[in-house]
Amino acid sequence: MSAAPQVLDTLPMTLPRLAEKKRLGEQIVMVSAYDYPSAQVAEAAGVDVVLVGDSGAMTVLGYPSTVPVTVDELIMLTAATRRGLRTPFLVADLPFGSYEAGDELAIATAQRFVKEGGADAVKLEGGGVMVDRTRAIVAAGIPVMGHVGLTPQTSTALGGYKAQGRTAEAAVKLARDALALQDAGCFSIVWEAIPAAVAEELMARMDVPVIGIGAGGATDGQVLVFHDLLGIREGVGARFVKRYGDVMDAMVRGVRAYADDVRAHRYPEPDHTYSIDPGELTELRERLHAG
Ligand code: KIV
């Protein structure tokens, strides 16, 4: 990597340190990233928490939604991400269909992410029955991050990819889910796509760090998807996405320049080639000539 890594903090992130950040009012920075190079970037940039989100189903695996991604696929991405990280806390999303049906299934899936993927913790979506799943995984010794508001795995049931908690009744339900997940032992909860004013009202009740995405500025931290914030993805993205780069453009320009050079015989140049001792070359020619 050419940009010199900025060593902001060399201690690995832990659950007590995340809780301490909330207590001190220090914002927690979380990024969804899914492979070795993006993990190295997150490490060098001093990110606190890396999430191998199931959004990787779309950003790196090309699925139309998060629903089809399998446990094996996300574990492979988690393990690659783990290899690129030293400092940030690593959370892995449990994919749709891998935890909802029962506590045993939820524990077994979470254990695979820790054992095979090297995750420090897992994240699951929703309240209701997921509160029981959370309690079971936490009791099995694996930290859990909750996720309420817009939960993409069940977005069809929510009426699509749209903001949640926009009526008093919906906001009360969201608050109940968040508090139940907190009581069940979540070490942190993601709030996605809810009105900033609702988040502000609810924050006083939250003892664990709340990480917002489209939830305004009152939460204890923010999360964005690596590909969204760096512009490695086509399209405008959700309202809450802020672009900090145009990496897709830079990549296309780079590959196009390479293709142009190859077609015009400008690449490779002498510097890119290997030499051979002239004597060896002469002998080769003689032997080729001799058949
Ligand atoms: O899958 C993901 O990346 C997420 C975050 C956006 C919270 O769930």
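Residues numbered from 1 in each chain as written. Predicted model: local features only at pLDDT ≥ 70, side-chain atom pairs only at ≥ 80, totals over all residues. Heavy atoms only, no water.

(A) Local environment of the site of the ligand. Residues in contact with the ligand, as listed here, are Ser32, Leu51, Gly53, Asp54, Ser55, Asp93, Lys123, His147, Val190, Ile213, Val223 and Val225. Ser32 is positioned such that a nitrogen or oxygen atom in its side chain is 2.6 Å from an oxygen atom of the ligand. Relative to its unbound accessible surface of 260 Å², the ligand loses 95% to contact with the protein. When its residues are assigned to classes, the shell around the ligand shows five nonpolar, four polar and three charged. (Near = heavy atom within 4 Å. Polar contact = N/O pair within 3.5 Å; in protein donor to acceptor, adjacent residues only side chain to side chain. Areas by Shrake-Rupley, 256 points an atom, 1.4 Å probe, with all protein chains shown as cover. Nonpolar A, V, L, I, M, F, W, Y, C, P; charged D, E, K, R; others polar.)

(B) Quick look at the nonpolar core. Phe113, Ile137, Ile189 and Trp191 are the most contacted members of the largest nonpolar core, which has 70 residues in total. With sequence-adjacent residues up to four places away left out, Phe113 is seen in contact with Val71, Leu74, Ile75, Thr78, Ala92, Asp93, Leu94, Pro95, Gly118, Ala119 and Val122. (Core = buried A, V, L, I, M, F, W, Y, C linked by side-chain atoms within 4.5 Å. Buried < 20%, exposed > 50% of the residue type's maximum accessible area, 1.4 Å probe, protein only. Contact = heavy atoms within 4.5 Å.)

(C) Region of interest: the packing of aromatic side chains. Scanning all chains against the criterion turns up two aromatic pairs. Here Tyr258 and Tyr267 contribute two aromatic rings whose centre-to-centre distance is 6.0 Å and whose plane-to-plane angle is 65 degrees, an arrangement assigned as edge-to-face. Under the relative-accessibility criterion, Tyr258 is labelled partly exposed at 48%. Residue class for Tyr267 comes out partly exposed when judged on its relative accessible area of 38%. (Phe/Tyr/Trp six-rings, centres within 6.5 Å; stacked < 30°, edge-to-face > 60°.)

(D) Up close: the pattern of salt bridges. All told, the structure shown has 15 salt bridges when counted by the stated rule. Two residues, Asp103 and Arg133, come together in a salt bridge whose shortest N-O distance is 2.6 Å. In this pair, Asp103 is assigned in helix 5 (residues 103-115) and Arg133 in helix 6 (residues 130-139), connecting sequence segments 30 residues apart. Taken together, the shared-partner salt bridges in this structure form one network comprising Lys21, Glu26 and Asp48. (Salt bridge = Lys/Arg side-chain N within 4 Å of Asp/Glu carboxyl O. Helix = DSSP H or I, 4+ residues; strand = E, 2+ residues; numbered from the N terminus.)

(E) Geometry of unusual backbone geometry. A cis amide bond links Tyr267 to the next residue, Pro268, at an omega of 5 degrees. The backbone phi angle of Ala193 is positive, close to 50 degrees, even though this residue is not glycine. Summarising the element assignment, Ala193 is placed in the loop between strand 6 (188-192) and helix 8 (196-203). A positive phi angle, close to 60 degrees, is found at His265, a residue other than glycine. Looking at the element boundaries, His265 is found in the loop between helix 10 (247-263) and helix 11 (278-290).

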